Amino acid sequence: MTVIKGLYAVSPEAEDSEQLLAKVSRVLDNGVAILQYRNKSDNTVRRLRQASLLASLCKSRRVLFLINDDVTLARAVQADGVHLGKTDGSVADARAVLGPDAIIGVSCYNDIHLAEQAARDGASYVAFGAVFPSRTKPHAVAAPLSLFAEAKKLGLPSVAIGGITPENAAEVVAAGASAIAVIGGLFDAPDPAAAARQMAALFD
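For clarity, every value in this text was computed on a predicted model and none was experimentally measured.

Participant: For this particular structure, what's the right way to read the overall build of the chain?
Facilitator: Across its full length, the chain holds 9 helices and 8 strands. What you see for the chain is a C-alpha radius of gyration of 15 Å, in line with the 17 Å of a compact globule of 204 residues. Expressed along its principal axes, the backbone C-alpha trace of the chain runs to roughly 40 × 40 × 35 Å. Put simply, the chain has 204 residues, and 53% of those count as buried. Looking at the chain alone, contacts between residues at least 24 apart form 58% of all its contacts between residues at least 6 apart. For the chain, the exposed area adds up to about 9,700 Å²; of that, 52% sits on carbon and sulfur atoms. Mean positive and mean negative side-chain charge positions of the chain (20 and 21 charges, respectively) differ by 3 Å.

Participant: What am I meant to see in the sheet that holds strand β3 (residues 64-68) here?
Facilitator: Strands pair in a sheet through their backbones, by hydrogen bonds, and they do so in one of two ways: parallel or antiparallel. Taking strand neighbours around the barrel as the criterion, the 8 strands line up as β1-β2-β3-β4-β5-β6-β7-β8 in a closed arrangement whose pairing is parallel. Strand-to-strand twist of the sheet, defined as the mean angle between neighbouring strand axes without regard to direction, takes the value 25°. In this sheet, strand β8 (residues 179-182) lies alongside strand β1 (residues 6-10) in parallel orientation, the contact comprising 4 bridges. Residue pairing across strands places Leu7 opposite Ile180, the latter belonging to β8.

Participant: Looking at this model, I keep getting lost on the layout of surface pockets. Mind explaining?
Facilitator: Over the atoms a probe the size of a water molecule is rolled, and this reveals where empty space is left. In this structure, the largest pocket encloses a volume near 710 Å³. Going through the elements one at a time, β1, β4 (81-84), β6 (125-128), β7 (158-161), β8 and α8 (184-187) are the ones with two or more residues in the lining of the largest pocket. Here the residues of the lining of the largest pocket sort into 18 nonpolar, 14 polar and 9 charged. By volume, the second largest pocket is sized at about 230 Å³. Together, 14 residues line the second largest pocket, and Ala55, Ser56, Lys59, Val77 and Gln78 are the ones closest to its centre. Ranked by residues supplied to the lining of the second largest pocket, first place goes to helix α2 (residues 44-61) with 6 residues. Of the residues contributing to the lining of the second largest pocket, the split by class is 8 nonpolar, 3 polar and 3 charged.

Participant: What should I look at first to understand the packing of helix α1 (residues 17-28) against α2 in this one?
Facilitator: How two helices sit against one another is set out by the angle between their axes and by the gap between those axes. Packing of α1 against α2 brings their axes to within 10 Å, and their N-to-C directions diverge by 25°. Considered as vectors, α1 and α2 are oriented roughly parallel to each other. For the crossing formed where α1 meets α2, the hand is right-handed. Contact residues: α1 offers Ser17, Glu18, Leu20, Leu21, Val24, Ser25 and Leu28, while α2 offers Arg46, Arg49, Gln50, Leu53, Leu54, Leu57, Cys58 and Arg61.

Participant: Please clarify how the environment of Asn168 should be interpreted in this entry.
Facilitator: As for its placement among the helices and strands, Asn168 is situated in the loop between β7 and α7 (169-174). You can call Asn168 buried: its relative accessible area is 16%. Distance in space between the C-alpha atoms of Asn168 and Leu54 is 28 Å, their sequence separation being 114 residues. Discounting residues that sit within four places of it in the chain, Asn168 has contacts with Phe132 and Gly163. Here the side chain of Asn168 touches Gly163 through a polar contact of 3.1 Å, landing on its backbone oxygen.

Criteria and cut-off values
- Residues numbered from 1 in each chain as written.
- Predicted model: local features only at pLDDT ≥ 70, side-chain atom pairs only at ≥ 80, totals over all residues.
- Heavy atoms only, no water.
- Helix = DSSP H or I, 4+ residues; strand = E, 2+ residues; numbered from the N terminus.
- Rg over C-alpha atoms; globule rule 2.2 N^0.38 Å.
- Buried < 20%, exposed > 50% of the residue type's maximum accessible area, 1.4 Å probe, protein only.
- Contact = heavy atoms within 4.5 Å.
- Areas by Shrake-Rupley, 256 points an atom, 1.4 Å probe, with all protein chains shown as cover.
- Lys, Arg positive; Asp, Glu negative; His and termini not counted.
- Charge placed at Lys NZ, Arg CZ, Asp CG, Glu CD.
- Pairing = 2+ DSSP bridges.
- Axes fitted to C-alpha atoms, helices over the stretch in contact; angles between N-to-C directions.
- 1 Å grid on protein atoms, 1.4 Å probe; cavity = no way out; pocket = protein on both sides within 12 Å on 5 of 7 lines; lining within 4 Å.
- Points joined across faces, edges and corners; volume = space filled by probe spheres on them.
- Nonpolar A, V, L, I, M, F, W, Y, C, P; charged D, E, K, R; others polar.
- Parallel < 35°, antiparallel > 145°, perpendicular 65-115°, else oblique.
- Left-handed = near helix turned anticlockwise from the far one by under 90°.
- Polar contact = N/O pair within 3.5 Å; in protein donor to acceptor, adjacent residues only side chain to side chain.

Written out as structure tokens, the structure is:
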């Protein structure tokens, strides 16, 4: 069974594919356990190219690679799985496309009932957030850290997302999160590699 634990990097939006690859490569070498490709543009050619490059990079580094929202893209690049939001289809549909061993994560926002349903549906992990105010999603609902203790009963890994930085990550791990998903707190840090090492070390 695949373990969802540790530093979970979420890629920044980037038009320049080589620049994106360079940015991600720097952090993958410094303790990232999981990478999610997140790109909301409608440029399908660029998204396929970027996802393919990142899939190869993750495979060479033995890092789990997930795609945000897009089951078809996840299948096209042979990603390890997909992360689904509330409008991205069902766990069952994703598993039918990606197979029984695929990792399927589900956003549960601030709602333990959504997490309970995701567990019943066969999700691989549940995600709660925003645990802190987020620059990526400034209007996201606030998710209390108490959710991570409550989610232990589900028997699934729980991922925290939203406003996590090297300065506050320890608080989230102490609350019981299995993994911390980070975008700006990693890629916008003065030294992303050092930020990755600091946050990854919380799981040692």
